[in-house]
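# Fold and geometry: a report
The primary structure of each chain is shown beneath.
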Amino acid sequence: MLAAHDFAVMLNANARRVTPDVRRKVEQIVAPENVYYSHSQADSKDIVKEIAARRFPTVFTGGGDGTFIQFVNDFAKEAPRSGTPALPAKVGVLHLGTGNAVAQMVSSGNFECDLQSFVHTKTSDYQPLQLVQA
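Computed from a predicted structure; not experimentally measured.

## Overview of the overall build of the protein chain
- Per the secondary structure count, the protein chain includes five helices and four strands.
- Of the regular secondary structure in the protein chain, the N- to C-terminal order runs β-α-β-α-β-α-β-α-α.
- A burial count over the protein chain gives 42% of its 134 residues as buried.
- Contacts in the protein chain between residues at least 24 apart in sequence constitute 68% of all its contacts with a sequence separation of at least 6.

Following this line, the structure appears as structure tokens:
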């Protein structure tokens, strides 16, 4: 099992599927101090600063494609300022949004099963994605 500090989860608090029940289940799997709830783009930037400072090797996003893209963009901007790599070693996607094309691309299914699998399995699925930078 991974140590509590080995990964973080950033959830879009405004996503319809990020319900109080989902929050409770995530916090039963992930150390609550490693779960972040973004209510706005400004929140996302602040959360990314903390995640970068804590140097998590893996970060899961949940709330749809917009949440994932916001995280990637914010992290790419924050990394040079904080002296961290351009992105964490791995960015996971939890299927918790309305638009979930990225989650489908990486075969994300039930968020609870995906997190449990990550925590309890020494290996994890890894799907490299080529992202556009302009």
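## Topic: the nonpolar core
- Core analysis: the biggest nonpolar cluster contains 19 residues, and Phe7, Val9, Leu11, Val26, Val30, Leu94 and Leu115 have the highest contact counts within it.
- Looking at this core, the elements with two or more residues in it are strand 1 (7-12), helix 1 (20-29), strand 2 (35-38) and helix 5 (111-120).
- If one sorts the elements of this core by residue count, helix 5 sits on top with four residues.
- Among the nonpolar cores identified, the runner-up in size contains 15 residues, and Val59, Val72, Phe75 and Val93 belong to it.

## Details of the pairing of strand 2
- Going residue by residue along strand 2, you find Val35 and Tyr37 tucked away on one face and Tyr36 and Ser38 tucked away on the opposite face as well.
- With four bridges connecting them, strand 1 and strand 2 associate as parallel partners. For Met10, the partnering residue across the bridge sits in strand 2 and is Tyr36.

## What to know about the packing of helix 1 against helix 5
- One can describe the packing of helix 1 onto helix 5 by two numbers: an axis separation of 10 Å at closest approach and a directional angle of 5 degrees. Classed by the angle they form, the pair helix 1 and helix 5 counts as roughly parallel. For the pair helix 1 and helix 5, the contacting residues are Val22, Lys25, Val26 and Ile29 in the first and Phe111, Glu112, Leu115, Gln116 and Val119 in the second.
- Among the residues forming the contact of helix 1 with helix 5, the class breakdown is six nonpolar, one polar and two charged.

## Considering the packing of aromatic side chains
- Under the defined criterion, the tally for this structure stands at four aromatic pairs.
- Judged by centre distance (5.0 Å) and plane angle (80 degrees), the rings of Phe60 and Phe118 are edge-to-face. Of this pair, Phe60 sits in strand 3 (residues 58-62) while Phe118 is found in helix 5, placing the two residues 58 residues apart along the sequence. Each member of the pair, Phe60 together with Phe118, is buried.
- Taking 5.5 Å as the distance between ring centres and 45 degrees as the angle between the ring planes, the aromatic pair formed by Phe71 and Phe75 counts as tilted. Of this pair, Phe71 and Phe75 both sit in helix 3 (residues 65-82), separated by four residues, roughly a single helical turn.

## Regarding the pairing of strand 1
- Where burial is concerned, most of strand 1 is hidden: five out of the six residues are buried.
- As judged from the five bridges shared by strand 1 and strand 3, these two strands associate in the parallel manner. The residue of strand 3 that forms the bridge with Ala8 is Val59.
- With helix 1 bridging strand 1 and the parallel strand 2, this β-α-β connection has right-handed handedness.

## Some points on the packing of helix 2 (residues 41-54) against helix 3
- Two elements in contact, helix 2 and helix 3, have axes separated by 9 Å at closest approach and are oriented at 50 degrees. Classified by the angle between their axes, helix 2 and helix 3 sit oblique to one another. The crossing of helix 2 and helix 3 is right-handed. Packed against helix 2, whose contacting residues are Gln41, Ser44, Lys45, Val48, Lys49, Ile51 and Ala52, the element helix 3 presents Gln70, Phe71, Asp74, Phe75, Glu78 and Ser82 at the interface.

Reading the values: rules and limits
- For every chain, the first residue of the written sequence is number 1, and numbering continues from 1 onward in sequence order.
- Reporting of local features is limited, given that this is a predicted model, to residues whose pLDDT is at least 70; pairs of side-chain atoms are given and counted only at 80 or more, and all residues count toward the totals for whole chains, interfaces and linings.
- With hydrogens and water stripped out, all remaining heavy atoms of the structure feed into the side-chain values.
- We count a stretch as a helix when DSSP gives it H or I for four or more residues in a row; a strand needs E for two or more, and each element gets its number in order from the N terminus.
- Relative accessibility under 20% of the residue-type maximum defines a buried residue, over 50% an exposed one, and the middle range a partly exposed one, all with a 1.4 Å probe and only protein chains included.
- In this analysis, two residues are considered to be in contact whenever any of their non-hydrogen atoms come within 4.5 Å of each other.
- To qualify as a nonpolar core, a set must consist of buried Ala, Val, Leu, Ile, Met, Phe, Trp, Tyr and Cys residues joined through side-chain atoms within 4.5 Å.
- At least two DSSP bridges between two strands are required for those strands to pair.
- Axis lines are fitted to C-alpha atoms, over the contacting stretch for helices. Their N-to-C directions set the angle, which ranges from 0 to 180 degrees.
- For classification purposes, angles smaller than 35 degrees are called roughly parallel, those larger than 145 roughly antiparallel, those between 65 and 115 roughly perpendicular, and all remaining angles oblique.
- Throughout this entry, Asp, Glu, Lys and Arg are counted as charged residues, while Ala, Val, Leu, Ile, Met, Phe, Trp, Tyr, Cys and Pro are counted as nonpolar. The remaining residues, Gly among them, count as polar.
- What counts as a ring pair is set by centres within 6.5 Å for rings of Phe, Tyr and Trp (its six-membered ring), and what kind of pair is set by the plane angle: stacked under 30 degrees, edge-to-face over 60, tilted for all other angles.
- With its strands directed away from the observer, a crossover is right-handed exactly when the path from the first strand over the helix to the second travels clockwise.
- With the far helix as reference, a near helix turned anticlockwise by less than a right angle produces a left-handed crossing, and one turned clockwise produces a right-handed crossing.

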